[in-house]
Amino acid sequence: MKTFTPKPADLTHDWYIIDATDVVLGKLATRAALLLRGKNKPTFAPNADLGDHVIIINAEKIALTGKKMDKVLYAHSGRPGGLRADSYADLLKRNPERIIREAVKGMMPKNRLSKVELDRLHVFAGPDHPHTPQKPQPIEIAAVSQQAK
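Position labels on residues start from 1 in each chain and follow its written sequence. Only residues with pLDDT of at least 70 get local features here, since the model is predicted, and only at 80 or more are side-chain atom pairs given and counted; chain-wide, interface and lining totals rely on the full set of residues. The basis for the side-chain values is all heavy atoms of the structure; hydrogens and waters are excluded.

**Observations regarding the packing of helix α1 (residues 25-37) against helix α3 (residues 96-106)**
Just so we agree on the cut-off: Lines are fitted to the C-alpha atoms to define the axes, a helix being fitted only along its stretch in contact, and any angle between axes, read from their N-to-C directions, falls within 0 to 180 degrees. Secondary structure elements follow DSSP: runs of H or I no shorter than four residues count as helices, runs of E no shorter than two count as strands, and numbering proceeds from the N terminus. Each angle receives one of four descriptions, namely roughly parallel if under 35 degrees, roughly antiparallel if over 145, roughly perpendicular if within 65 to 115, and oblique otherwise. Note: crossing handedness is left-handed where the near helix turns anticlockwise from the far helix by less than a right angle, and right-handed where it turns clockwise. By the convention used here, residues are in contact when the closest approach between their heavy atoms is within 4.5 Å. Each residue gets one of three labels, nonpolar for Ala, Val, Leu, Ile, Met, Phe, Trp, Tyr, Cys and Pro, charged for Asp, Glu, Lys and Arg, and polar for the others, Gly among them.
At a minimum axis distance of 8 Å, the contact between α1 and α3 shows a crossing angle of 60°. Between α1 and α3, the angle is such that the two are oblique. Regarding α1 and α3, the two cross each other, and that crossing is right-handed. The segment α1 lies against α3, with Leu25, Leu28, Ala29, Ala32, Ala33 and Leu36 engaging Ile99, Ile100, Ala103 and Val104. Looking at the contact of α1 with α3, its residues break down into 10 nonpolar, no polar and no charged.

In structure tokens form, the structure reads like this:
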């Protein structure tokens, strides 16, 4: 039996939508990373770009467990004095998309292909998104936060 290697003609990039309302951040990020890499497909190969597009809506309603509200997310511009520190509580009000994007980025492999796959992640703070013509399939995440119940 020969090993199957996906060819460029075999690639299909489907669209999925995930509602982040009261979903734990880690569970959401692992599911999104799995879909972005294409590990849910039987033809998965680590060197091929088989990932799908993932739309995450209602990012402002994400559930943060533990002491994550006090946690700080760092970014550096690369210039002297360019260190930026934002708390998760502040980011949840101003830019909730960044919290989800950084969590998913942390669960992706550290290689050139992950940059291409992360470009297929579309995060929106509210329930509206411009990708309705692509007819995304809804993905349900069963792990709802205990604080939301």
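Picking up where we left off.
**Quick notes on the sheet that holds strand β6 (residues 137-139)**
Using the following cut-off: Two strands pair if DSSP finds at least two bridges between them.
What the 4 strands build is an open sheet, ordered β5-β2-β1-β6; its pairing is parallel. In this open sheet, the two strands that pair with only one neighbour each are β5 (121-123) and β6. Pairwise comparison of adjacent strand axes, ignoring direction, gives a mean angle of 25° for this sheet. Lying on the sheet, α1 is in contact with β1 (15-19), β2 (53-57), β5 and β6; it crosses β2 at an angle near 155°.

**Notes on the side chain of glutamate 117**
Applied cut-off: Only protein chains enter the accessibility calculation, which uses a 1.4 Å probe. A residue is then buried if its area is under 20% of the maximum for its type, exposed if over 50%, and partly exposed in between. Positive: Lys, Arg. Negative: Asp, Glu. His and the chain ends are not part of the count. When a carboxyl oxygen of Asp or Glu lies within 4 Å of a side-chain nitrogen of Lys or Arg, that pair is called a salt bridge.
Tracing the chain through its elements places glutamate 117 in helix α4 (residues 112-118). Summary of buried charges: glutamate 117 has no salt-bridge partner, and the nearest side chain of opposite charge, arginine 37, is 4.2 Å away.

**Regarding unusual backbone geometry**
The backbone phi angle of asparagine 58 is positive, close to 60°, even though this residue is not glycine. With respect to the element layout, asparagine 58 can be found in the loop between β2 and β3 (72-76). You will see that lysine 135, though not glycine, has its phi angle at about 50°, which is positive. Relative to the elements of secondary structure, lysine 135 occurs in the loop between β5 and β6. Look at lysine 135 and you get exposed, because its relative accessible area is 68%.

Any functional reading would require information beyond the geometric quantities listed.
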